[in-house]
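Each chain is listed here by its residues.
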Amino acid sequence: MKVLFSVAAQNGNQETLPLIWWLAPIAAIVALGFAWYFYRQLMRESEGTETMVEIAQAVREGAMAYLSSQYRVVTKVFIVLLIVFGVMAVLGLQNPIVPFAFITGGFFSALCGYIGMKTATNASARTANAARKSLDSALRIALRAGAVMGLGVVGFALLDISVWFLLLYYTIPSILPDGGFLMELGNPLPVITATMLSFGMGASTYALFARVGGGIFTKAADVGADLVGKIENDIPEDDPRNPATIADNVGDNVGDVAGMGADLYESYAGSILATAALGVSAVISAGASFWQSAGMTEQQMQLRYIAAPLVIAAVGVFLSILAVFLVRTEEDANQGQLIRALNRGLYVSSIGIWILSLPILYILEIPNYWQVWIAISAGLLVGMTIGKATEYYTSFAYKPTQRISEHAERSTATLMIEGLAVGMESTAIPIVAIMTGIAISFYVMGGINNIAMGLYGVGIAAVGMLSTLGFTLATDAYGPIADNAGGNAEMSKLDSIVRERTDQLDAVGNTTAAIGKGFAIGSAALTALALLAAYLEEIRLFLASHAIKEGGLLSINGGRQIAEWTMQDFMDFYNVTILNPAVLIGMMAGAATAFYFSSMTMRAVGRAAGVMVEEVRRQFRENPGILEGTEKPDYARCVEISTISAQKEMVAPSVLALLVPIIIGVIFGVAGVLGLLSGTLVTAFALAVMMSNAGGAWDNAKKYIEEGHYGGKGSKAHKASIVGDTVGDPFKDTSGPSLNILIKLMAMTSIVFAGLITLFSNGQGLLVMLLGG
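Residues numbered from 1 in each chain as written. Predicted model: local features only at pLDDT ≥ 70, side-chain atom pairs only at ≥ 80, totals over all residues. Heavy atoms only, no water.

Our focus in this paragraph is the overall build of the protein. Of the regular secondary structure elements, the protein holds 26 helices and 0 strands. Out of the 773 residues belonging to the protein, those deemed buried represent 66%. By sequence separation, contacts in the protein at least 24 residues apart represent 83% of the contacts at least 6 residues apart. Roughly 25,300 Å² of accessible area belongs to the protein as shown, and the carbon and sulfur atoms make up 64% of that amount. (Helix = DSSP H or I, 4+ residues; strand = E, 2+ residues; numbered from the N terminus. Buried < 20%, exposed > 50% of the residue type's maximum accessible area, 1.4 Å probe, protein only. Contact = heavy atoms within 4.5 Å. Areas by Shrake-Rupley, 256 points an atom, 1.4 Å probe, with all protein chains shown as cover.)

A separate point is unusual backbone geometry. Even without glycine at this site, Lys 493 takes up a positive phi of about 55°. One can find Lys 493 in the loop between α16 (469-491) and α17 (496-545). By relative accessible area, which is 67% here, Lys 493 ends up exposed. A positive phi angle is found at Tyr 710, which is not glycine, with a value near 55°. Relative to the helices and strands, Tyr 710 is located in the loop between α23 (651-706) and α24 (716-752). Using a relative accessible area of 28% as the deciding quantity, one classes Tyr 710 as partly exposed.

A surface patch of nonpolar side chains, about 460 Å² in accessible area, is lined by Tyr 347, Ile 351, Trp 354, Ile 355 and Leu 356. By secondary structure assignment, the location of Tyr 347 is in helix α10 (residues 335-363). Classification of Tyr 347 as partly exposed rests on a relative accessible area of 31%. (Patch = residues over 30% accessible without salt bridge, like charges linked within 9 Å, V, L, I, M, F, W, Y side chains within 5 Å. Salt bridge = Lys/Arg side-chain N within 4 Å of Asp/Glu carboxyl O.)

Okay, the packing of helix α20 (residues 581-622) against α23 next. Taken N-terminus to C-terminus, the directions of α20 and α23 make an angle of 55°; their axes are 6 Å apart at the nearest point. Classified by the angle their axes make, α20 and α23 are oblique. Judged by the twist between their axes, the crossing of α20 over α23 is right-handed. Residues that form the contact of α20 with α23 fall into these classes: 23 nonpolar, 10 polar and no charged. (Axes fitted to C-alpha atoms, helices over the stretch in contact; angles between N-to-C directions. Parallel < 35°, antiparallel > 145°, perpendicular 65-115°, else oblique. Left-handed = near helix turned anticlockwise from the far one by under 90°. Nonpolar A, V, L, I, M, F, W, Y, C, P; charged D, E, K, R; others polar.)

Between two aromatic rings, the relevant description is the distance of the centres plus the angle of the planes. Inspection of the entire model under this criterion finds 28 aromatic pairs. Ring geometry for Trp 698 and Phe 731: centres 5.7 Å apart, planes at 75°, overall edge-to-face. Here the residue Trp 698 occupies a position in helix α23, and Phe 731 occupies one in helix α24, the gap between them amounting to 33 residues. For Trp 698, a relative accessible area of 1% translates into the label buried. Exposure remark for Phe 731: the relative accessible area of 10% places this residue in the buried category. Every member of this aromatic cluster is reached through a ring pair, and the members are Trp 354, Tyr 362, Tyr 369, Trp 370 and Trp 373. (Phe/Tyr/Trp six-rings, centres within 6.5 Å; stacked < 30°, edge-to-face > 60°.)

As a volume, the largest pocket reaches approximately 690 Å³. Forming the walls of the largest pocket are 28 residues, and the residues nearest its centre are Leu 455, Leu 529, Leu 532, Ser 678 and Leu 681. Of all the secondary-structure elements, those providing two or more residues to the lining of the largest pocket are α14 (428-444), α15 (451-466), α17, α19 (567-573), α20 and α23. When residues in the lining of the largest pocket are grouped by element, the largest group, 7 residues, is from α23. Residue composition of the lining of the largest pocket, grouped by class: 24 nonpolar, 4 polar and no charged. (1 Å grid on protein atoms, 1.4 Å probe; cavity = no way out; pocket = protein on both sides within 12 Å on 5 of 7 lines; lining within 4 Å. Points joined across faces, edges and corners; volume = space filled by probe spheres on them.)

Looking now at the pattern of salt bridges. Inspection of the entire model under this criterion finds 26 salt bridges. Glu 490 is paired through a salt bridge with Arg 499; the nearest N and O atoms lie 3.3 Å apart. A relative accessible area of 23% places Glu 490 in the partly exposed class. Judged by its relative accessible area of 12%, Arg 499 is buried. Ionic pairing is found between Asp 503 and Arg 499, a salt bridge with its closest N-O pair at 2.8 Å. Of the two residues, Asp 503 and Arg 499 are both situated in helix α17; the distance of 4 residues between them amounts to about one turn of the helix. Each of Lys 219, Asp 222, Asp 699, Lys 703, Asp 729, Lys 732 and Asp 733 takes part in one network of salt bridges that share partners.

This part is about the side chain of Ser 405. Along the chain, Ser 405 turns up in helix α12 (residues 399-408). A relative accessible area of 0% places Ser 405 in the buried class. Not counting the four nearest positions on each side in its chain, Ser 405 is found in contact with Ala 701, Tyr 704, Ile 705 and Tyr 710.

Moving on, we come to the confidence of the model for the protein. Scored by pLDDT, the protein has a mean of 83; 89% of the residues are at 70 or more. Taken element by element, the protein is modelled with least confidence in helix α5 (residues 180-184), mean pLDDT 41, and with most confidence in helix α1 (residues 23-43), mean pLDDT 94. In the model, residues 175-185 has pLDDT below 50 throughout and makes 18 contacts with residues more than four positions away in sequence or in other chains. (pLDDT = per-residue confidence, 0-100.)

Here the focus is the nonpolar core. Leu 158, Phe 165, Met 201, Tyr 265, Tyr 268, Tyr 535 and Leu 739 are the most contacted members of the largest nonpolar core, which totals 262 residues. Among the elements that make up this core, the one with the highest residue count is α23 (27 residues). Among all residues touching Tyr 268, those that are not within four sequence positions of it are Val 154, Ala 157, Leu 158, Ala 313, Val 317, Leu 466 and Leu 469. (Core = buried A, V, L, I, M, F, W, Y, C linked by side-chain atoms within 4.5 Å.)

With that out of the way, let us pick up the packing of α20 against helix α22 (residues 635-649). The geometry of α20 relative to α22 is characterised by a closest axis approach of 10 Å and an angle of 160° between their N-to-C directions. By the criterion of interaxial angle, the relationship of α20 to α22 is roughly antiparallel. When you trace α20 past α22, the crossing you get is right-handed. Contacts between α20 and α22 involve Ala 604, Arg 607, Ala 608, Val 611, Met 612, Glu 615, Val 616 and Gln 619 from the former and Arg 637, Cys 638, Ile 641, Ser 642, Ser 645 and Glu 649 from the latter.

What follows concerns the side chain of Thr 475. On the secondary structure map, Thr 475 appears in helix α16. Within the structure, Thr 475 has its side chain in polar contact with the backbone oxygen of Thr 472 (distance 2.7 Å). Beyond its immediate chain neighbours, meaning those up to four positions away, Thr 475 contacts Leu 143, Leu 342 and Thr 512. (Polar contact = N/O pair within 3.5 Å; in protein donor to acceptor, adjacent residues only side chain to side chain.)

Here Met 416 shows up in helix α13 (residues 412-425). Along the backbone, Met 416 and Ala 694 are 278 residues apart, and their C-alpha atoms lie at a distance of 9.5 Å. Beyond its immediate stretch of four places on either side in the chain, Met 416 contacts Trp 698, Gly 724 and Val 727.

This part is about α13. In an α-helix, one turn spans 3.6 residues, which is why side chains three or four residues apart end up on the same side. Between its terminal C-alpha atoms α13 stretches 20 Å, which fits the 20 Å expected from 14 residues at 1.5 Å a residue. Those residues of α13 that fall on the buried side of the exposure criterion are Leu 415, Met 416, Glu 418, Gly 419, Val 422 and Gly 423. Buried residues in α13, looked at end-on, bunch into an arc of 165°, giving them a common side. For α13, the exposed residues lying more than 90 degrees away from the buried face are Ile 417 and Met 424. (Expected span 1.5 Å × (residues − 1). Arc of directions from axis to C-beta.)

This is the structure we're talking about:
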């Protein structure tokens, strides 16, 4: 088996990389190759009639105009952050490589969103045209278009991580000749893995702007179109007479596709990077006997723990590609059968990872490979549990959503109450699943004796959960494609059977989108816990690189140097206990941040939607011929309103996520930051699940009524359900999904600014410094 570790020439004291590690860049290239293949296959399909082509082109132009505007705003923010990082590097508060890693993370996050949106806008008319032939044809086109983004996300993430690691592993000794005692010992891995976390901050920063901005755009248009079109004027959804209908379709792409692609790119990359950093720390904490008993050096063992999440993710790529080809359905399929068709791919890919991960870990010669495999299994089980719970609470095939529809017959008020109750109830299973997953993955890895090793188990559980992201993201992206296809069919006045088929796909898409959000939120919780440990590791590296003299921090705790400190030593030194007011203050600040952030994003949608409502009313009032079908609405004006509103409103919530960790860290130190991140994690996770599931349930309750139940379209129950769907829109598409990025961005920001925080009373905080503590 030693032959598996014989590739790549050594560089100084560095060990060779495991041969199986190269599976990650190979899988990245294969993923991007299949993404290109699916895209070329899509573009060979016909877009249909001249009207269908015209509508699709209008949506494409609006989506690209929005994205260009968003790039200009985000570029300004990135320039400011790059200047800050540059100044910190000059002052010795940060690794000089961080600014470059940060910018590449943001670039690839944006690129994934762009590719996803370009594909989706090209797929909607083609899906509608395929629906004229059969349901199965439309399903395949929509799913494979979604697979372009799914495989693009995992491909670019693995490629970027692999290239950065190779670059740093073989050049960092010459780039950082004064990298502290860790470099003097000839081991660059702690510095490399900590530096690469800043790549995750770049991805998280762009993802939050994309999710918040895209969510505001899409929901402002959606709310405006529904309230004035459906409720006030009794015109159908996606009716071409509605001035906001093109903006609504554009919003599906910029929010539910481009924003989602950037979001899950950072989730996927962040879980791998955090786990790799913890693998290095876990081996250090385990002590020399751990690697010596296996006949290895410390660095050889660390390379295996770094390789594990990358190789597991790589195998997930191949299984995701297989899963895409397995999805097909019958022509007269109902919602349950369509969900089962998609679940077939999900189950095959998940079971495949579960089976193949054990021999992979054995080949890597990881001493505790059985325990790591159990942690991965726990992550897969948690993901499946959250997915099924989300399906149960949001699909109209089950009682919770049907009960909301039943309340629509009585009153709008009781429908809203029931929807909120369903959302709140739906948090129980995901929370218990996450608790169970954390307990299993932490304790089976020996977390009681080695906290870092236990948290490595939690991190690799998150990797296991996201290992088949290439397929789960494809099922998520397919939803808005099907939604747009329905809009195109309605505006093009195609046969009613076409709209019925696209509505079937759209209803399933709402459930798969909710499942995708559940995976993202669940993985965010596990990854954020791993990032807490990565934050302490960054503190360790900063203190080490500044070579604090014997008699200072390096010699406390029995005179042991900082390289020998365990996670518990750091917790003791910074007094991270529940009785420390700094920890409690941080926890309360984290809880408040989650709610205040949600408030900001909800209000942003409300303000933008208000402007949209007034514009649609103005056009109807000033041009009566629009409702009569004799005049064409000014679609471009509504797209412009959503674009301007989104760009203006997305900045404040995103800046909040960047500033709060720095402020708490400077004032209350490391203990305050750990409290902040813990409070944000617990509160934002529960709040995100509640909002996403309540919104999904309200939406599908409306679709259940539209299928003919409780009076069908145009009935009193239908109008009540539209109100519920309208309120649920910002819940499930703006605030809810943005919260999982908030959790990780705050953790990433804390890691990148760890050097600044340790300036104040050695990380105890400005308050301690001023009060002389």
